[in-house]
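# A look at the structure
Take a look at the letters that make up each chain.
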Amino acid sequence: MNYPILTTQGKPSPSGLSGSKPTRTGLASVLFALWLAILITIMPSVTMAGQKDYVVRSPDGVDIAVQEAGNPAGPPIVFIHGLLGSHLNWENQLASPDLSHYRLITFDLRGHGLSGKPRDAQAYRDGRLWADDLRAVLEATKADNPVLVGWSLGGAVVSNYIAAYGDDGIGGLVYVGGVVELKAELITSHPEVYAGLASDKLKVHLDAMRDFLALCFATPPDEVTFERLLSNAAMASWIMTRTVPSMTVSAADGLAKITAPMLMLYGEKDALVMVRPSLERAKALNPAIRQQIYADSGHAPFLEEAQRFNRDLADFRELATTHRR
């Protein structure tokens, strides 16, 4: 750590206890020692509250940006964001007192945020590659009995992961506004928005991003948060954005395999995912799935009703601990 050099200005102070006048150098040393003592005292809390950032390499060579917060020794929760998002989507969870004693792990999906953005469409079309990214994160973090929380497209990533690797070592799964399958009967039609997202024209593309983000909320966030999320969306790969609708989702294999506790949580006012048909499809594949619906939320209940969501997630994390296999 590079410490600042402290200096004093003006005339020396009146004589001290010894009757001598302290020099500027002596006073600077005293102030430096006092500052250092304070820094050492607060350093443990700064380290605990600070975020740890690093990169994990996926099997096909894509760099995946990973972040950790909370208690590094606590039971882990791994958050998987949705289309046009990043780890910034989970700020209300990372700052929550109800979740502060857990190890909170986020990462940016391929093509999003600070992660790598391949220029080959096949890097996004093959759902197994997204599952492999999650596998790489879990192996690198050595997360023990984690709860996986997948929002929107993140739910499809979780399904692909379970289809490929099973749920051994997974404590539980939470789908939040989760995409069960990328099929017309489960996804609300917004043809102009999705056509705009696939457009090569910058204005059309950006306007569609704004419209897509607005559809995520029944109750919009404050202006600063919305603008940050919109800027966040603009960082996403255009190739990824236009390819994702054709991404393979192995829900039939994945959901049917799940034996860990699983909760599907939706907002009643979701304008992007069809809530009832999605729940019916998921329960047809796995009748043991639990469900919860927030009456006042849209597609992002973790942001729209953050306090309630955080308490419910903490309760589910404890349930997963009692069902440890």
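The structure displayed is predicted, hence computed values, not measured ones.

### Quick word on the pairing of strand β3 (residues 76–80)
In terms of burial, β3 is a largely internal element, five of the five residues being buried. The alternating pattern of β3 places P76, V78 and I80 on one face and I77 and F79 on the opposite face, and all of these are buried. Of the pairings in the sheet, the one linking β3 to strand β4 (residues 103–107) comprises five bridges and is parallel in character. From the neighbouring strand, V78 faces β4, where its bridge partner is I105. In the sheet, β3 pairs with strand β5 (residues 147–151) via four bridges, with the strands oriented parallel. Opposite F79, over in β5, you have V149 as the bridge partner.

### Quick notes on the nonpolar core
Grouped together as the largest cluster of nonpolar side chains are 86 residues, with contacts concentrated most on L148, V149 and L173. In contact with L148, other than residues within four places in its own chain, are V78, I80, L134, L138, V158, Y161, I170, G172, L173 and V174.

### Some details on the side chain of S58
With respect to the element layout, S58 can be found in the loop between β1 (52–57) and β2 (63–70). Within polar-contact distance, the side chain of S58 engages the side chain of D60 at 2.7 Å. Contact partners of S58, with chain neighbours within four places excluded, come to I64, R110, D133 and A136.

### Here's the deal with the confidence of the model for the chain
Residues with a pLDDT of 70 or more make up 84% of the chain, whose mean pLDDT is 87. Segment residues 1–49: pLDDT under 50, and 23 contacts once partners within four positions in sequence are set aside and those in other chains are kept.

### A short note on helix α7 (residues 202–214)
Counted at 1.5 Å a residue, the expected span for α7 with its 13 residues is 18 Å, and the 18 Å between its end C-alpha atoms agrees. Turning to α7, its buried residues are H205, A208, M209, F212 and L213. Looking straight down α7, one finds that the buried residues subtend no more than 135° of arc, so they occupy a single side. Residues of α7 that are buried make contact with α6 (191–197), α8 (223–234) and α9 (238–243).

### Brief notes about the packing of aromatic side chains
The relative placement of two aromatic rings is captured by the distance of their centres and the angle of their planes. Using the criterion set out here, one finds seven aromatic pairs in the structure. An angle of 35° between the planes, with centres 4.6 Å apart, marks the rings of W90 and F302 as tilted. Taken together, the residues W90 in the loop between β3 and α2 (91–94) and F302 in helix α12 (residues 301–304) connect sequence positions 212 residues apart. Across the pair, exposure class does not vary: W90 and F302 are buried alike. By the ring-pair criterion, three or more aromatic residues cluster together here, those being F79, W90, W151, F302 and F309. The ring of Y294 carries the charged tip of R308 above its face, separated from the ring centre by 3.8 Å.

### Observations regarding helix α5 (residues 153–165)
Across its 13 residues, α5 extends 18 Å between first and last C-alpha, which sits within 8% of the 18 Å expected from 1.5 Å per residue. α5 sits mainly inside the fold: eleven of its 13 residues count as buried. Along α5, the residues that are buried comprise L153, G154, G155, A156, V157, V158, S159, N160, Y161, I162 and A163. Where α5 is buried, its residues contact β3, α4 (127–141), β5, β6 (172–176) and α10 (251–257). At the C-terminal side of α5, G166 shows a positive phi close to 75°.

Rules of the game
Every chain is numbered on its own, with residues counted from 1 as its sequence reads. Reporting in this predicted model follows two pLDDT cut-offs: at least 70 for local features of residues, and 80 or more for side-chain atom pairs to be given and counted; totals over whole chains, interfaces and linings ignore these cut-offs and use all residues. By convention in this description, side-chain values take in all heavy atoms of the structure and omit both hydrogens and water. Relative accessibility thresholds used throughout: buried, under 20% of the residue-type maximum; exposed, over 50%; partly exposed, between the two (1.4 Å probe, protein chains only). By the criteria applied, helices consist of DSSP H or I runs no shorter than four residues and strands consist of E runs no shorter than two, each listed in order from the N terminus. By this definition, two strands are paired if DSSP reports at least two bridges between them. To define a nonpolar core, start from buried Ala, Val, Leu, Ile, Met, Phe, Trp, Tyr and Cys residues and group those joined through side-chain atoms within 4.5 Å. The contact rule is simple, with two residues in contact once any of their heavy atoms fall within 4.5 Å. The term polar contact refers here to a pair of N or O atoms within 3.5 Å; inside protein, the definition further demands a hydrogen-donor-capable atom paired with an acceptor-capable atom, and it admits residues adjacent in sequence only when both atoms are side-chain atoms. Per-residue confidence from the predictor is given as pLDDT, running between 0 and 100. For a helix, the expected span equals 1.5 Å multiplied by the number of residues minus one. The directions from the helix axis to the C-beta atoms form the arc being described. Ring geometry is summarised as follows: Phe, Tyr and Trp rings, the Trp one being its six-membered ring, pair when their centres sit within 6.5 Å, and such pairs are stacked at plane angles under 30 degrees, edge-to-face over 60 and tilted between the two. Only when the NZ atom of a Lys or the CZ atom of an Arg is both within 6 Å of the ring centre and within 35 degrees of the ring normal do we say a charge sits over the ring.

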